[in-house]
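An overview of the molecular structure
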Amino acid sequence: MSEFDIVDAAAIREGRATDAYFERTEAALEAAGRNPRVVAEVTADQFPDGEFELFAGLGNAVELLAGRDVDVDAVPEGRLFDGGPVMRIEGPYLAFARLETSLLGFLSHASGMATAALDCRVAAPESSVLSFGARHVHPAMTAAVERSALAAGFDGFSHVAAGDLLGREASGTMPHALAICFGRGEQEAAWRAYDEGVPADAPRIALCDTYSDEVDEVLRAVETLGDDLDGVRLDTTGSRRGDFGHIVREVRWELDARGHGDVAVYVSGGLGPADLRDLRDVVDGFGVGGYVSNADPVDFALDLVAVDGEPAAKRGKLSGAKAVYRTDDGAHAVGLADRSGPADAEALMEPVIRDGEVVAGDAFDLSAAAERALADAAAVGYGTD
């Protein structure tokens, strides 16, 4: 039994992380002496319907397919898509057949989380937004959560080990447990301990809602840490929250009235896009957890659309290799790859693997993905309805 129920990288790379029927398919084709050259496409919807989603997970998919006898074209990570393929694979079917399960898992889960993160990013474009959702998923998934959030333009995340993998430093403040360890009425001792114990370059942000009214704890934190206090965080439980916007405005008022208008206010705790829109004018930053990490995966499927140069598809799917475009009015368009696209449209798919060699450029670079996501969101009016 694997430690912590983790399917390791070797099993994924070797194709053991697959559905059993792909092993049966391989056996059947090999017994029949058949291994046709095929075109396969990864799609969620056949035709555009105006419901854009953000493409993510491409780096893992390319890592899985690299070195195999395939050519791959894909929409770069961080682009919005709406119908038609996000990836096209061409090569002998047995070169990638058993990889379908892992490939779809990489793309489906990451794209679902990235889309949810973009919902939040566009809801509060001028605010700092951090990913706090790692605690809601299997620890083996945490880097994928944080990377998906960053691909959508989040400013940071909380998970330390994910930061090690991504080459980014994790962010965080303090939990209620710190104050509780000191006891009721001893919040000042907890804030002082934090100030004295954490590295000097860590922002001094005090959690201010553990035992008493948020305004009361905020003002006590200011009095305790003085000019060393960079900000306060409110993480009030929903059952005790009431009108959260009113609470935040009251905190702001009392800070300003006492000459502490430079103290930043951050909020967290079960927040989604609607909360960010409501609070963005009075809050400096947000911690978003479950809305991103618990997002439904995008329902991608991989289908054969050509066999030995001839169009082919199952019922309900469109045959033939396809291309996807961003039109000059911000819409998404799908057409056959061997035909001309719409006038003045931008073709979205680009080569990422040729003859097994990665040629992707920045197609899955994380910083470039975030830039593309925000640019595409503006181009298509994402989140403006």
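Note that this is a predicted model, so its numbers are computed, not measured.

Quick look at the UniProt feature "domain: Quinolinate phosphoribosyl transferase N-terminal" (unreviewed entry) in the chain now. Feature annotation in UniProt assigns "domain: Quinolinate phosphoribosyl transferase N-terminal" (unreviewed entry) to the following positions: residues 19-111. Between the C-alpha atoms that bound residues 19-111 the distance is 21 Å, and the span itself is 35% helix and 25% strand.

What follows deals with the domain arrangement of the chain. Annotation of the chain at the domain level lists domain 1 (9-113 + 296-380) and domain 2 (126-294). The gap between the C-alpha centroids of domain 1 and domain 2 is 38 Å. On the domain 2 side, the residues contacting the 14 residues of domain 1 number 13 residues. Together, the buried faces of domain 1 and domain 2 total about 1100 Å²; carbon and sulfur atoms form 60% of this surface.

The antiparallel open sheet is built from seven strands, whose spatial order is E13-E12-E1-E5-E3-E17-E18. Edge strands, defined here as strands with exactly one partner in the open sheet, are strand E13 (310-311) and strand E18 (357-358). Looking at chain direction, strand E17 (residues 350-354) and E18 are connected through two bridges and run antiparallel. Paired with Ile-353 across the two strands is Val-358, which belongs to E18. The strands that helix H4 (residues 100-123) touches are strand E1 (37-43), strand E5 (85-92) and strand E12 (301-307); relative to E12, the one it contacts most, it runs at about 125°.

So, on to the environment of Ala-11. Residue placement: Ala-11 occurs in helix H1 (residues 9-14). Taking relative accessible area as the criterion, Ala-11 reaches 17% and is therefore assigned buried. Sequence separation between Ala-11 and Arg-339 is 328 residues; the distance between their C-alpha atoms is 40 Å. Apart from residues no more than four positions distant in its own chain, Ala-11 is found in contact with Arg-16 and Ala-17.

About the criteria used
- Residues numbered from 1 in each chain as written.
- Predicted model: local features only at pLDDT ≥ 70, side-chain atom pairs only at ≥ 80, totals over all residues.
- Heavy atoms only, no water.
- UniProt positions renumbered as here; feature names shortened; annotations may be inferred.
- Helix = DSSP H or I, 4+ residues; strand = E, 2+ residues; numbered from the N terminus.
- Domains from an automatic or database assignment.
- Contact = heavy atoms within 4.5 Å.
- Buried area = accessible area lost by both parts, 1.4 Å probe.
- Pairing = 2+ DSSP bridges.
- Axes fitted to C-alpha atoms, helices over the stretch in contact; angles between N-to-C directions.
- Buried < 20%, exposed > 50% of the residue type's maximum accessible area, 1.4 Å probe, protein only.

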